[in-house]
Amino acid sequence: MSTLLIRHARVLVTMDAQRREIPDGAVFVRDRVIEAVGPSADLPTSADEVIEARDQVVLPGLVNTHHHMYQTLTRAIPGVQDCELFSWLRGLYPIWANLTPEMVRVSTQTAMAELLLSGCTTSSDHLYIYPNGVRLEDSLEGAEAIGMRFHAARGSMSVGQSQGGLPPDRVVEREPAILKETQRLIERWHDPARFAMRRIAVAPCSPFSVSRELMRDSVLLAREHGVSVHTHLAENDHDLAYTREKFGCTPAEYVEQLGWVGPDVWCAHCVKLDLSGIALFARTGTGVAHCPGSNMRLASGIAPIQAMRNAGVAVGLGVDGSASNDAGHMLSEARLAMLLQRVAHGPVHGPAALTAREALEIATLGGARVLGRDDIGSLAPGMAADIVTVPLDDIGMAGALHDPVAALVFCQVPRIRHSIINGRVVVRDGRITTLDLPVHIEQHNALAMQLVNAAASTR
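Here is what the cut-offs are and how they apply
Residues numbered from 1 in each chain as written. Predicted model: local features only at pLDDT ≥ 70, side-chain atom pairs only at ≥ 80, totals over all residues. Heavy atoms only, no water. Axes fitted to C-alpha atoms, helices over the stretch in contact; angles between N-to-C directions. Helix = DSSP H or I, 4+ residues; strand = E, 2+ residues; numbered from the N terminus. Parallel < 35°, antiparallel > 145°, perpendicular 65-115°, else oblique. Left-handed = near helix turned anticlockwise from the far one by under 90°. Contact = heavy atoms within 4.5 Å. Nonpolar A, V, L, I, M, F, W, Y, C, P; charged D, E, K, R; others polar. Disulfide = S-S within 2.5 Å. Phe/Tyr/Trp six-rings, centres within 6.5 Å; stacked < 30°, edge-to-face > 60°. Buried < 20%, exposed > 50% of the residue type's maximum accessible area, 1.4 Å probe, protein only. Core = buried A, V, L, I, M, F, W, Y, C linked by side-chain atoms within 4.5 Å.

Draft legend 1. Structural context of the packing of helix 2 (residues 101–117) against helix 14 (residues 437–457). The N-to-C vectors of helix 2 and helix 14 enclose an angle of 130°; their axes lie 10 Å apart at closest approach. Comparing the axis directions of helix 2 and helix 14 gives the class oblique. Helix 14 is crossed by helix 2, and the crossing has left-handed handedness. Between helix 2, through Glu 102, Met 103, Arg 105, Val 106, Ser 107, Gln 109, Thr 110, Ala 113 and Leu 117, and helix 14, the contact on the second element is made entirely by Leu 437, His 440, Gln 443, His 444, Leu 447, Gln 450 and Leu 451. Tallied by class, the residues present in the contact of helix 2 with helix 14 amount to seven nonpolar, seven polar and two charged.

This is the structure:
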């Protein structure tokens, strides 16, 4: 069995039950699982690999609960830079209709590389568009090659414009085919075991792109196979109005009617979740993926995250798609989450504001809870060896050593120093070990131009 020792951290942030922060801390890993955590003087002095973490903060790997990784191909697209959600989608659907399997695989790795360098070790991805032979395997292969712990959500759209939905008819699928393909993916790829590197979720896209029947049948399929379900919900005023007009109820009432509540359910955004919806989610254990950057970019509003947490709702962090956020930096997203709650709710000592440590908790333990995992999100014996180290000697941290833990959120962290996922060093000295990043970026940019040019040629 292999061993790994990370030692002499300036501060080791455990996120354990006591929320310990250990000066001169260390973590000892045996065979991909954490065996011991504590002061460096109390842990073994040798291992198969030793990482010196002086002048670094060591913390659990961050957990990203919502993304659309293919959208890294369409960042900052002219014409949709100043749109709200619905008009933004209408502008981008015709471009995404030209996606290819290669584009999905390469963009998945681009998104994951960005996440890795910003402290993320586990990510979900909601792929809901499947043109030109694209399959979820294209994402799964990209994730396996780069080494990220992955929750792949098999998304779907079935209600096109001709039926009153938002997406054009050419990018929707037939519902029997969606369910059949989703079942195949679960049976082929889902790993329910503790420390699993790959899990499958069932994820009809949104109330404005799938039918009630598909929502209902999807959750039944998921529960038959013991997997989670995921969707967008209550994202902005137009989303709220659509649900009221089409289904005669609020978004929270809609998901409750369809059985879409419980600890196996998590919903993205929930900006417009009302007090009764918050109470419903708290009572049923339904989770929320908070996406502050995207919500600001699309002017969707400010999700009542602290009210959710106060009620007991599981809240994680999501960078969302890189065409609605245009960035995938997890520590920066935690910073936005903290700052946005302060804008909405005033002084930090008030009941609704968010502290730096609470933002880090949302990004680690909160995300683990939302994804239904008890094996990631903290550094403690028996937990998965998903560990990141953040250097304190970069310009963005200069003068911030009074509280280096809070500085991770208050200050700008360009990139982490090391990332260990499942006991494997995936980022070493700020460089990804599993990808030739300059070559990959060149390939990604070429495919991004190809995608946009293909859409222009079909107009």
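Draft legend 2. Just the packing of helix 3 (residues 136–146) against helix 4 (residues 175–189), in detail. Contact geometry for helix 3 and helix 4: axes closest at 11 Å, N-to-C directions at 25°. If you check the angle between helix 3 and helix 4, you find them roughly parallel. Crossing geometry of helix 3 relative to helix 4 is assigned as right-handed. Taken together, the residues of helix 4 that come into contact with helix 3 (itself represented by Leu 136, Glu 137 and Leu 140) are Arg 184, Leu 185 and Trp 189. Residue composition of the contact of helix 3 with helix 4, by class: four nonpolar, no polar and two charged.

Draft legend 3. Spotlight on the state of the cysteines. Applying the stated criterion across every chain, the model contains zero disulfides. Unpaired in terms of disulfides, Cys 267 finds its nearest cysteine sulfur in Cys 270, a separation of 5.0 Å.

Draft legend 4. How the structure looks around the packing of aromatic side chains. Enumeration over the complete set of coordinates arrives at eight aromatic pairs. Considering the side-chain rings of Tyr 93 and Trp 96, the 6.1 Å spacing of their centres and the 85° angle between planes classify their relative orientation as edge-to-face. Here the residue Tyr 93 and the residue Trp 96 both occupy positions in helix 1 (residues 85–96), the gap between them amounting to three residues, near one helical turn. For the pair Tyr 93 and Trp 96, one class covers both residues: buried. Here Phe 247 and Tyr 254 contribute two aromatic rings whose centre-to-centre distance is 4.2 Å and whose plane-to-plane angle is 20°, an arrangement assigned as stacked. The structure contains a cluster of three or more aromatic residues connected by ring pairs, namely Tyr 70, Trp 88, Tyr 93, Trp 96 and Tyr 128.

Draft legend 5. Local environment of the nonpolar core. Leu 59, Trp 88, Leu 89, Trp 96, Leu 99, Phe 281 and Met 308 are the most contacted members of the largest nonpolar core, which totals 125 residues. The element contributing the most residues to this core is helix 2, with nine residues. Trp 96 has contacts with Tyr 70, Gln 71, Thr 74, Trp 88, Leu 89, Tyr 128, Ile 129, Pro 131 and Ala 323, leaving out every residue within four places of it along the chain. Formed by 19 residues, the second largest nonpolar core is a distinct cluster that contains Leu 4, Val 27, Ile 51 and Leu 379.

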